[in-house]
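# Structural characterization, general
These are the residues of each chain, in order.
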Amino acid sequence: MDPMEAIKATFFQECDELLGDLEAGLLTLETGDGDSETVNAVFRAVHSVKGGAGAFGLEPLVRFAHVFETTMDMVRSGALAPDPDVIKVLLRAADHLADHVSVAKGNDTPLSGEEGLVAELEALSSGGGVAAAAPAPAPAGPVVMDEPDFGFSPMMISLDDGPADAPVGVPDWRVCFTPKDVMYRNANDALPLMRELSRLGPVVVECDIDQVPHLDALDPLGAYLTWTIILTAPDVARERILDVFEFVDGDCLFSVEPVEAAPSEVSFVMPDLEPLIPTAPDEPEPVAAAAPAPVAAPAAAAAAATAAAADAPAAEGRTSEAAAPTIRVDLDRVDRLIDLVGELVINQAMLAQRVMESGVARSSNIALGLDDLEQLTREIQDSVMAIRAQPVKSVFQRMPRLAREVAAMTGKRVRLVTEGEGTEVDKTVIERLAEPLTHMLRNSIDHGLETPEERRAVGKPEEGVVKLAAMHRSGRIVIEISDDGKGINRERVRDIAIKRGLIEADASLSDEEIDNLIFAPGFSTAATISDVSGRGVGMDVVKRSIQALGGRITIVSKPGVGSTFTLSLPLTLAVLDGMVVTVGEQTLVVPITAIVETLQPKPGDIQALGPEGFVLSVRGVYVPMIDVAEAMGWTDSASTGTGVTLLVESGVGGLAALTVDAIQGQRQVVIKSLELNYQQVDGIAAATILGDGRVALILDVDAIISLRKRAAPQPSPQLAIAS
């Protein structure tokens, strides 16, 4: 690949992240929870997209981003208040900026309505505040001076945003400013800072280029310049000047000190570019032309900047922590690495099995070496899985915009609350979460929440609340989508299911079974077809998507109070620690994260419950006993606890005691999808390959407990299709 194309691909990856941060920041501002840092983050995102686009000559993207950036600069300076009407325009601008990026990637994305949107942004910039500055015209192309003989094109620097008719008074402040390399890497520049200072009063600027090396030794990513600015601002406090540098705090060295000497004129002193010319070996060193008398000695400026840095070690520490080095790696390479680690785990287990069968003593060098290999394999596996672990924030941050749009389409007032955005899960799981979460959020708003009038009539606030939360529980990730709406209308659901032939008219169903009917293909409670719902496509897709990930979905609904949909998903689709057990003639793996303890109950600890059920007394608490063989249909009668009991904790049924025949040991196993290679089996999450080459099934603890809870009233065949 062309090196420039590789860099451009990296730029587009960064654009995707920046656009996500941009939208999230604007939605935060819309809710009124944003602060100055949120505004700065939004401004930074637009500025970074514009800067990268300029490097690749993407002029249409640069022009629009420039107008967008100008408006955001007005918000950042306080001249434009981010009220709801302003945020609506900025959100549309964010969408249009994303379209520009898509076009730059080579996609056929339509770009319509740009002239009207640009006019709206310019109107906000020009009339957004009392002291609003007129927006700068969009750049038609790079502005350069006449090119010198040595081929170096200096940039034209202007301070025309400052007050043109401001009188030259006695200067009050000397600002010494030395950027660091990291400031330029973060797409910042010295010129906007000087423009911001010029808005406070007349300025005289000098650039010290003594530290600039010859061109043949120049690092293009280095920072060599020191700036000294004399600011005439009798009525400006020092804190106001420090606020200008808040955006680059820690990325530069700067100091602000009072002065008394007055400059002769307000001007910008262009640095002499002659020292930048490399000198041929047989030529004498050129003598630089005499520069105008400096306002402040460069040595004094550097010393003052160094002193300012010494006064702010905390800020320096924060910057160092935030600027941790990272690399970008193709996802295919990571997937290949994970596959190889999985094969390594299987081969290590096979090797250990064969050594054990050969009768080698546990204290022998071979056995000790295998123990070391097992430990090393586990550490490699943990490290590789950590590479793929990502917070669910990347999915959650798309939801506020969706909630806002669906609320506008349905005429409802909605407040979306998110929790646990930092919860980490395997990237494969995250990538496949977006579609089911989108369907469920739309359904919660459209079907779950009432209209403002309906909520007011029942004494509820007009604004409905939808909560999206993620958490770790029992070695799985649990995502809950809850609302404070009207709940599921079970009578209506039952009537629709009867009309569609999903259940018999005289079927006796529990509330849970009726709620699960909404997952039937083609089922919909919407009275009319709309852009949001009504076509019967959605919840069945959600269930299939979750099951394909080895997960499950449950519903808890209370009429008039609201509904909660709970998704339970594996943290990873690659490996897990499991307890290998024997059930009948089958070998199963129970996830270690679900096991609380193992025990062999005494006969007095087991009590009969009903004609066929049993409960186990564990430290004074009775928990239901579940014979795994009976639950899986491998035997007709429940065991009375003659084998080994696993006390497990479930997210759907609390504590339960699983009865198995024997425990073989604890293993780290590689997860293989049973649905892709065979078909879905109730009570089974996946499969794996053991050390002796046999295939073992991985037990789904929550599903086994749910099956046992539904075992008393046997469902009809029609209901089995829906549930």
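The residue numbers shown here count from 1 along each chain, following its written sequence. A pLDDT threshold of at least 70 governs which residues receive local features in this predicted model, and a stricter bar of 80 or more applies before side-chain atom pairs are shown or counted, although totals over entire chains, interfaces and linings include all residues. To get the side-chain values, all heavy atoms of the structure are used, and hydrogens and water are removed first.

Under the DSSP-based scheme used, a helix requires at least four consecutive residues in state H or I and a strand at least two consecutive residues in state E, with every element numbered from the N terminus. Along the protein chain, the regular secondary structure elements total 24 helices and 22 strands. A separation of at least 24 residues holds for 71% of the contacts in the protein chain among residues at least 6 apart in sequence. Contact definition: two residues touch when any of their heavy atoms are within 4.5 Å.

Backbone geometry at Arg619 places phi at a positive 50 degrees, although glycine is not the residue there. Among the structural elements, Arg619 can be located in the loop between β16 (613-618) and β17 (621-627). Burial classification: accessible surface area is computed with a 1.4 Å probe over protein chains only, and a residue below 20% of its type maximum counts as buried, one above 50% as exposed, and the rest as partly exposed. Owing to a relative accessible area of 68%, Arg619 belongs among the exposed residues under this scheme.

Here we take up the nonpolar core. Put simply, buried Ala, Val, Leu, Ile, Met, Phe, Trp, Tyr and Cys residues joined by side-chain atoms within 4.5 Å make one nonpolar core. Leu22, Leu26, Phe68, Leu97, Phe177, Ile241 and Phe245 are the most contacted members of the largest nonpolar core, which totals 68 residues. Those residues within four positions of Phe245 in sequence are excluded, and the remaining contacts are Val175, Phe177, Leu193, Leu197 and Phe254.

Turning next to the packing of aromatic side chains. Given two aromatic rings, one states the distance between the centres and the angle between the planes to describe the pair. Between rings of Phe, Tyr and Trp, where Trp is taken as its six-membered ring, a pair exists when centres lie within 6.5 Å; planes separated by under 30 degrees are stacked, by over 60 edge-to-face, and by other angles tilted. Taken as a whole and judged by the stated rule, the model has five aromatic pairs. Aromatic side chains Phe177 and Phe245 sit 5.4 Å apart centroid to centroid with 55 degrees between the ring planes, which places their arrangement in the tilted category. Of this pair, Phe177 sits in strand β1 (residues 173-179) while Phe245 sits in the loop between α8 (238-244) and β4 (252-258); the two residues are 68 residues apart in sequence, bridging distant segments of the chain. Phe245 shares its class with Phe177; the two are buried. Ring plane angle 10 degrees and centroid distance 4.7 Å describe the contact between Phe245 and Phe254, whose orientation is recorded as stacked. Taking relative accessible area as the criterion, Phe254 reaches 15% and is therefore assigned buried. Every member of this aromatic cluster is reached through a ring pair, and the members are Phe11, Phe12 and Phe56. Working rule: Lys NZ or Arg CZ, within 6 Å of ring centre, within 35 degrees of ring normal, means a charge sits over the ring. The ring of Phe43 carries the charged tip of Arg76 above its face, separated from the ring centre by 4.0 Å.

Looking now at a nonpolar patch on the surface. Taken together, Leu344, Leu376 and Ile380 make up a surface patch of nonpolar side chains, about 220 Å² in accessible area. Assignment of secondary structure puts Leu344 in helix α11 (residues 331-357). Exposure remark for Leu344: the relative accessible area of 33% places this residue in the partly exposed category. Excluding any residue in a salt bridge, patches collect residues exceeding 30% relative accessible area, merging like charges within 9 Å and nonpolar Val, Leu, Ile, Met, Phe, Trp and Tyr side chains within 5 Å. Throughout, the Shrake-Rupley method with a 1.4 Å probe supplies accessible areas, and for residues the shown protein chains are the sole cover considered. Salt bridges are counted wherever a side-chain nitrogen of Lys or Arg sits within 4 Å of a carboxyl oxygen of Asp or Glu.

By secondary structure assignment, the location of Ser482 is in strand β9 (residues 476-483). Residue classification places Ser482 among the buried residues on the basis of a relative accessible area of 17%. Beyond its immediate stretch of four places on either side in the chain, Ser482 contacts Val465, Val466, Lys467, Ser563 and Thr564.

A few words now on empty space enclosed by the protein. With a 1 Å grid spanning the protein atoms alone, the term cavity applies to any set of points in which a 1.4 Å probe fits but cannot get out, the term pocket to an open set with protein on both sides within 12 Å along at least five of seven lines, and the term lining residue to any residue with an atom within 4 Å of a point. Grid points are joined across faces, edges and corners, and a volume is the space filled by probe spheres set on the points. Tallied over the full model, the rule gives two cavities of 30 Å³ or more. Of the volumes computed, that of the second largest cavity is approximately 50 Å³. Taken together, Val345, Ile346, Ala349, Arg667, Gln668, Val669, Ile689, Leu690 and Gly691 form the lining of the second largest cavity. If you list the elements that add at least two residues to the lining of the second largest cavity, you get α11 and β20 (662-670). Under the convention adopted here, Pro, Cys and the residues Ala, Val, Leu, Ile, Met, Phe, Trp and Tyr are nonpolar, Asp, Glu, Lys and Arg are charged, and Gly plus all remaining residues are polar. Considering only residue class, the lining of the second largest cavity consists of six nonpolar, two polar and one charged.

Our next topic: the sheet that holds strand β12 (residues 575-583). One bridge is not enough; two strands pair if DSSP finds at least two bridges between them. With mixed pairing, five strands are arranged side by side in an open sheet as β20-β12-β13-β22-β21. Only two strands of the sheet have a single partner each, and these edge strands are β20 and β21 (684-689). Mean inter-strand twist for the sheet, computed between neighbouring axes without regard to direction, equals 35 degrees. Where β12 and β20 come together, eight bridges link them in antiparallel fashion. Within the sheet, the bridge partner assigned to Leu576 lies in β20 and is Val669. Each axis is a line fitted through C-alpha atoms, taken for helices only over the stretch in contact, and angles between the N-to-C directions span 0 to 180 degrees.

Looking now at the sheet that holds strand β15 (residues 606-609). Note on sheets: strands pair through backbone hydrogen bonds, and any given pair is parallel or antiparallel. With mixed pairing, six strands are arranged side by side in an open sheet as β14-β18-β19-β17-β16-β15. Since the sheet does not close on itself, it has two edges, and those belong to β14 (595-599) and β15, each with one partner. Direction aside, the axes of adjacent strands within the sheet are offset by 35 degrees on average. The pairing of β15 with β16 spans four bridges and is classified as antiparallel. By the bridge assignment for β16, Leu609 is matched with Gly613.

A separate point is the packing of helix α14 (residues 399-410) against helix α16 (residues 434-448). Across the interface, α14 lies against α16 with an axial gap of 10 Å and an inter-helix angle of 35 degrees. Handedness of the crossing formed by α14 with α16: right-handed. Here Met399, Leu402, Ala403, Val406, Ala407 and Thr410 of α14 lie close against α16, whose contacting residues are Ala434, Leu437, Thr438, Leu441, Arg442, Ile445 and Asp446. A breakdown of the residues in the contact of α14 with α16 according to their chemical character gives nine nonpolar, two polar and two charged. Definitions for this section: a left-handed crossing has its near helix turned counterclockwise from the far helix by less than a right angle. A right-handed crossing has that turn clockwise.

Looking now at the side chain of Glu196. Mapped onto the elements of the fold, Glu196 is located in helix α7 (residues 190-198). Exposure remark for Glu196: the relative accessible area of 14% places this residue in the buried category.

Next up on the list: the pairing of strand β19 (residues 654-660). For β19, the tally of buried residues reaches five of seven residues, placing the bulk of the element in the interior. Note: β17 against β19, three bridges, orientation parallel. Each bridged residue has a counterpart across the sheet, and for Met625 the counterpart in β19 is Ala657. When strand β18 (residues 644-650) meets β19, the two strands line up antiparallel, connected through seven bridges.

Let's shift gears to the packing of α11 against helix α12 (residues 365-388). Running from amino to carboxyl end, α11 crosses α12 at an angle of 160 degrees, the nearest separation of the two axes being 10 Å. Considered as vectors, α11 and α12 are oriented roughly antiparallel to each other. α11 and α12 meet at a crossing whose hand is left-handed. Of α12, the residues touching α11 (which contributes Leu331, Val334, Asp335, Leu337, Ile338, Val341, Leu344, Val345, Gln348, Leu351, Ala352 and Val355) are Ile366, Leu370, Leu373, Glu374, Thr377, Ile380, Gln381, Val384, Met385, Ile387 and Arg388. Our angle categories are set so that under 35 degrees counts as roughly parallel, over 145 as roughly antiparallel, 65 to 115 as roughly perpendicular, and the remainder as oblique.

Within the secondary structure, Gly613 is located in strand β16. Judged by its relative accessible area of 11%, Gly613 is buried. Residues Gly613 and Ile626, spaced 13 residues apart in sequence, show a C-alpha to C-alpha distance of 8.4 Å.

Let's shift gears to helix α3 (residues 59-77). For a helix, the expected span equals 1.5 Å multiplied by the number of residues minus one. A rise of 1.5 Å per residue sets the reference length of α3, with its 19 residues, at 27 Å; its end C-alpha atoms lie 26 Å apart and thus fit the reference within 8%. The buried fraction of α3 amounts to 14 of the 19 residues, a majority that puts the element mostly inside the structure. After α3 finishes, the residue Gly78 shows a positive phi value of roughly 90 degrees.

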